[in-house]
Amino acid sequence: MKTKPDWTCADALTDDQIHAAALADPDAQPLAPERLAGMRQTPRLKIIRRALGLTQEAFAARFQIPLGTLRDWEQGAKEADQAARAYLRAIAGAPDAVHRVLHAVPKSG
């Protein structure tokens, strides 16, 4: 049986008290500006896909990503590994070039 949380105490906190409590948590410290600036953000897959005007099925086919994998990434069920994140950055930066390379007909020797 689930119980409902009592938010009375939390609702009574001021913004300063909430901020102080967050800073007191050693596992949830904010990133220093220099560390944050050095981090690369992986483009969100759903944003890339929608910007290209593609359905999940069309995006998966166009960029040769298994549909189930694409769905898992978009829904947060699984996280893309480093290679997949690099691939998504390439798609975000040059989707036509990635598509051309994937669908190029190999030259016969």
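Residues numbered from 1 in each chain as written. Predicted model: local features only at pLDDT ≥ 70, side-chain atom pairs only at ≥ 80, totals over all residues. Heavy atoms only, no water.

On inspection of all chains with the given rule, the structure shows five salt bridges. Here Arg-71 ties to Glu-57 by a salt bridge, and the two come within 2.8 Å at their closest N and O atoms. In this pair, Arg-71 sits in helix 6 (residues 67-75) while Glu-57 sits in helix 5 (residues 56-62), placing the two residues 14 residues apart along the sequence. Under the relative-accessibility criterion, Arg-71 is labelled partly exposed at 30%. A salt bridge links Glu-79 to Arg-85; its shortest N-O distance comes to 3.9 Å. Among the residues examined, Glu-79 registers a relative accessible area of 70% and is labelled exposed. (Salt bridge = Lys/Arg side-chain N within 4 Å of Asp/Glu carboxyl O. Helix = DSSP H or I, 4+ residues; strand = E, 2+ residues; numbered from the N terminus. Buried < 20%, exposed > 50% of the residue type's maximum accessible area, 1.4 Å probe, protein only.)

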